[in-house]
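# Descriptive structure summary
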Amino acid sequence: MKKLSVILFTVILALSFAVMSWAEDETVTENNWKYEVTQDGTVKITKYLGNESTVNIPAEIDGASVSTLGSDVFRGNADVTKVIIPEGVKTIESTFYMTDNIATIEIPATVENISKRAFFCCYGLQNIEVAQESEYYSSADGILYDKAGKTLVNVPANKKMESFEIPSGVEVIGELSIRCLEIKELIMPDTVTKIERY
């Protein structure tokens, strides 16, 4: 009898964890946004379903703070041309991967982590603008760097130029940072010491 009770308790406990896990990962849709509530109670946006040209991502959804932009949020959407990310977002995954028409992205100071594939082959992208207060990233002429300006993070694929001269002081050409850039000439300064997979 005791052994049976232990088995029943174990089964009930396992089912409880399964239900909790399902609830945490459940995708919900509200006001053109698909999202998940993460384990820390914040929101991870997984898809934008609207058709506005300028999109202001909400800082909160259903009372919970938006902390993460997931992968492929805007992929396949031909209407969006500008995205404004709100204060509070900390992580940008491959959110803009393979988009065609987004030309401008505004990044707040709270963003700490940006995936190397976040802007991979965003063929319409011309400008990435970072809040000056950011302690993690910076931008100059619409090009994304780390805060110190020593790592080139991303050159927008639709930057209108025949040649690109990497600023003196840049030491690392980040992974995939220039992968989709169509230029005739790339000029590197003597300060560059590392070229990651581009």
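Refer to the preceding data block for the structure.
A quick note: this is a predicted structure, and the numbers were derived from the prediction, not measured. (Residues numbered from 1 in each chain as written. Predicted model: local features only at pLDDT ≥ 70, side-chain atom pairs only at ≥ 80, totals over all residues. Heavy atoms only, no water.)

## Comments concerning a nonpolar patch on the surface
On the surface, L186, M188 and I195 cluster together into a nonpolar patch covering about 250 Å² of accessible area. When you line up the elements, L186 lands in strand β17 (residues 185-187). (Patch = residues over 30% accessible without salt bridge, like charges linked within 9 Å, V, L, I, M, F, W, Y side chains within 5 Å. Areas by Shrake-Rupley, 256 points an atom, 1.4 Å probe, with all protein chains shown as cover. Salt bridge = Lys/Arg side-chain N within 4 Å of Asp/Glu carboxyl O. Helix = DSSP H or I, 4+ residues; strand = E, 2+ residues; numbered from the N terminus.)

## Focus on the side chain of S134
Position of S134 among the secondary structure elements: in the loop between β11 (127-130) and β12 (137-140). In this structure, S134 is in contact with A109 and K147, ignoring residues within four places of it in sequence. (Contact = heavy atoms within 4.5 Å.)

## A closer look at the nonpolar core
Of all hydrophobic cores here, the largest spans 32 residues; its most connected members are F74, I85, F96, I107 and F119. Elements supplying a minimum of two residues to this core: β2 (33-37), β3 (43-48), β6 (64-69), β9 (104-107) and β11. The residues touching I107, leaving out its near neighbours within four places in the chain, are I85, I92, I114, F119, I128, E129, V130 and A131. Core analysis: the next-biggest nonpolar cluster, separate from the first, contains 11 residues, I143, V155, I166 and V170 among them. (Core = buried A, V, L, I, M, F, W, Y, C linked by side-chain atoms within 4.5 Å. Buried < 20%, exposed > 50% of the residue type's maximum accessible area, 1.4 Å probe, protein only.)

## A few points about the state of the cysteines
In a disulfide, the sulfur atoms of two cysteines are held together by a covalent bond. Under the defined criterion, the tally for this structure stands at 1 disulfide. With its sulfur 1.8 Å from that of its partner, C121 forms a disulfide with C180. Given an S-S torsion of about -65°, the disulfide between C121 and C180 has left-handed geometry. You can see C121 sitting in the loop between β10 (113-114) and β11 and its partner C180 sitting in the loop between β16 (172-173) and β17, a full 59 residues away along the chain. (Disulfide = S-S within 2.5 Å.)

## Thoughts on the side chain of T95
Among the structural elements, T95 can be located in the loop between β8 (91-92) and β9. By relative accessible area, which is 0% here, T95 ends up buried. Setting aside chain neighbours within four positions, we find T95 in contact with L69, G70, S71, D72, V73, F74 and A118.

## Regarding the sheet that holds strand β4 (residues 54-56)
Hydrogen bonding along the main chain pairs the strands of a sheet, whether they run parallel or antiparallel. With parallel pairing, the 4 strands of this open sheet are ordered in space as β4-β7-β9-β11. A strand with exactly one partner marks an edge of an open sheet, and here the two such strands are β4 and β11. Ignoring strand direction, the axes of neighbouring strands in this sheet form an average angle of 10°. Of the pairings in the sheet, the one linking β9 to β11 comprises 4 bridges and is parallel in character. If you follow I107 over to β11, its bridge partner there is V130. (Pairing = 2+ DSSP bridges. Axes fitted to C-alpha atoms, helices over the stretch in contact; angles between N-to-C directions.)

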